[in-house]
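Structural overview for review
So you can see what is in the structure, the chains are spelled out below.
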Amino acid sequence: MAAVFTAGFGAGAINSVVGSGTLITFPVLLATGLPPVTATVSNALGLIPGSVSGAVGYRKELRGQRRRVLRLSVGALLGGLTGATLLLSLPADAFETIVPVLVGLALVLVAFQPRINRLVQRRRERTGTSPRHDGGPLLFTGLTLASVYGGYFAAAQGIIYLSLMGMLLDEPLQRLNAVKNVLSALVNTVAALFFLFAADFDWTAVALVAAGSALGGYAGAKVGRRFSPAVLRTLVVAVGTVALVQLLLR
């Protein structure tokens, strides 16, 4: 019980700053003897308080982004529900093949985001165009597909969100991180609500992860929002690399 609570705290903190907290809680839940699907659905429900507290911790960075968040939330809800459905209907091998590819691509995009942004800015200056406030159809589609993955497993979901928004929105990384926390909370919530009617939970695990993640999410936000863009980007790449290695070794 202490290990699950501690893992929940660590996952909540990591999720609010970067993402990939599932890679902390999921192995611990498996080590307690839970079946993989039960561990996945219990983890999804338990991490909701951490996602919410992380979003609350980043409320200052959310100012002025209401319209953007509302639009992207539609895709997050649809994607999360689709991913939860796939978890209970498809063999695990179908997603496990593509997950490392998605995480690896997201890491490359985050690492080279400053260079990509400079290239995009030069192109805008040549063509006389300005960035779209909402990222356009490309961002909506990309985040919806990332939410499908998030509803299925959620590991490194936040990193994929940050990489897509970093390319298509002209905003500081901390403001994008605030949006990521809201979208992650929505995906976790809609997936967990679906699982309530279609899967078996371990309620002790849910309670321990929820308590730990609620504390960790707020604590992580308090620390993470002080990081410079360079430090935050380095942390994203570092955590994402560990996540990728874990996924490849599973």
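One structure accompanies this document, and this report is about it. From a predicted model like this one, the values you see are computed outputs, not experimental measurements. (Residues numbered from 1 in each chain as written. Predicted model: local features only at pLDDT ≥ 70, side-chain atom pairs only at ≥ 80, totals over all residues. Heavy atoms only, no water.)

1. Some thoughts on the overall build of the protein
What counts, and what does not: Numbering goes from the N terminus for both helices and strands, where a helix is a DSSP run of H or I of at least four residues and a strand is a run of E of at least two. The buried label goes to any residue with under 20% of its type's maximum accessible area, the exposed label to any with over 50%, and the partly exposed label to all in between, with areas taken from a 1.4 Å probe on protein chains only. Contact definition: two residues touch when any of their heavy atoms are within 4.5 Å. Only the protein chains shown count as cover for residues, with accessible areas throughout obtained via the Shrake-Rupley method and a probe of 1.4 Å.
Of the regular secondary structure elements, the protein holds 13 helices and zero strands. When the elements of the protein are put in sequence order from the N terminus, they spell out α-α-α-α-α-α-α-α-α-α-α-α-α. Expressed as a percentage of the 250 residues in the protein, the buried residues total 54%. Counted over contacts in the protein with a minimum sequence separation of 6, partners at least 24 positions apart contribute 83%. Of the roughly 11300 Å² of accessible surface on the protein, 68% is carried by carbon and sulfur atoms.

2. Some thoughts on the side chain of Ser42
Selection criterion: The term polar contact refers here to a pair of N or O atoms within 3.5 Å; inside protein, the definition further demands a hydrogen-donor-capable atom paired with an acceptor-capable atom, and it admits residues adjacent in sequence only when both atoms are side-chain atoms.
Examined against the element boundaries, Ser42 turns out to sit in helix α3 (residues 36-46). Polar side-chain contacts of Ser42 include one of 3.0 Å to the backbone nitrogen of Asp202. Excluding residues within four positions of it along the chain, Ser42 makes contact with Phe201, Asp202 and Val206.

3. Looking at the packing of helix α1 (residues 2-17) against helix α11 (residues 173-198)
What counts, and what does not: Structural elements are reduced to axes, namely lines fitted to C-alpha atoms, with helices fitted over the stretch in contact, and the angle between N-to-C directions of any two is expressed from 0 to 180 degrees. Roughly parallel refers to an angle under 35 degrees, roughly antiparallel to one over 145, roughly perpendicular to one between 65 and 115, and oblique to any angle outside these ranges. Only Asp, Glu, Lys and Arg are considered charged in this grouping, and only Ala, Val, Leu, Ile, Met, Phe, Trp, Tyr, Cys and Pro are considered nonpolar; every other residue, Gly among them, is considered polar.
The N-to-C vectors of α1 and α11 enclose an angle of 130°; their axes lie 8 Å apart at closest approach. The orientation of α1 with respect to α11, classified from their angle, is oblique. Here Asn15, Ser16 and Val17 of α1 lie close against α11, whose contacting residues are Asn177, Lys180 and Asn181. Residues that form the contact of α1 with α11 fall into these classes: one nonpolar, four polar and one charged.

4. Comments concerning the packing of aromatic side chains
Put simply, the rule is: Here a Phe, Tyr or Trp ring, Trp counted by its six-membered ring, pairs with any other such ring whose centre lies within 6.5 Å, and the pair is stacked when the planes are under 30 degrees apart, edge-to-face when over 60, and tilted otherwise.
By the definition in use, this model includes two aromatic pairs. Between Phe194 and Phe195 the ring centres are 6.1 Å apart and the planes differ by 65°, which places this aromatic pair in the edge-to-face class. With relative accessibility at 0%, the residue Phe195 sits in the buried group.

5. Regarding the pattern of salt bridges
We count it as follows: The term salt bridge refers to a side-chain nitrogen of Lys or Arg lying within 4 Å of a carboxyl oxygen of Asp or Glu.
Throughout the structure, instances matching the rule amount to two salt bridges. Among the salt bridges present, the one from Arg68 reaches Glu171, with a minimum N-O distance of 3.2 Å. Of this pair, Arg68 sits in helix α5 (residues 66-89) while Glu171 is found in the loop between α10 (157-168) and α11, placing the two residues 103 residues apart along the sequence. Here Glu171 and Arg175 are joined by a salt bridge, their closest N and O atoms 2.8 Å apart. One salt-bridge network, held together by shared partners, links Arg68, Glu171 and Arg175.

6. Remarks on the packing of α1 against helix α12 (residues 203-224)
Quick note on the threshold: In this scheme the handedness of a crossing depends on how the near helix is turned from the far one: anticlockwise by less than a right angle means left-handed, clockwise means right-handed.
Between α1 and α12, whose axes approach to 6 Å, the crossing angle comes to 35°. In terms of crossing hand, the pair formed by α1 and α12 is right-handed. In terms of residue class, the contact of α1 with α12 is made up of 12 nonpolar, nine polar and no charged.

7. What to know about the nonpolar core
Worth spelling out the cut-off: We call a set of buried residues a nonpolar core when its members are Ala, Val, Leu, Ile, Met, Phe, Trp, Tyr or Cys and they connect through side-chain atoms within 4.5 Å of each other.
Leu139, Leu143, Met165 and Phe195 are the most contacted members of the largest nonpolar core, which totals 50 residues. With 10 residues, the top contributor of residues to this core is α11. Other than its neighbours up to four places away in sequence, Met165 contacts Leu139, Leu143, Leu176, Val179 and Lys180. If you look at the next biggest cluster of nonpolar residues, it comprises five residues, including Val17, Val18, Leu107 and Ile159.

8. Let's talk about a positive patch on the surface
The cut-off we apply is this: For patch detection, residues must exceed 30% relative accessible area and be free of salt bridges, and they are connected within 9 Å for like charges or within 5 Å for nonpolar side chains (Val, Leu, Ile, Met, Phe, Trp, Tyr). In summary, the charge assignment counts Lys and Arg as positive and Asp and Glu as negative, without counting His or the chain termini. To locate a charge, take NZ of a lysine, CZ of an arginine, CG of an aspartate or CD of a glutamate.
A contiguous patch of positive charge, built from Arg59, Lys60, Arg63, Lys222 and Arg226, is present on the exposed surface. Inspection of the secondary structure puts Arg59 in the loop between α4 (48-57) and α5.

9. So, the environment of Leu77
By the element assignment, Leu77 lies in helix α5. Spatially, the C-alpha atoms of Leu77 and Thr189 are 8.7 Å apart, while their sequence positions differ by 112 residues.

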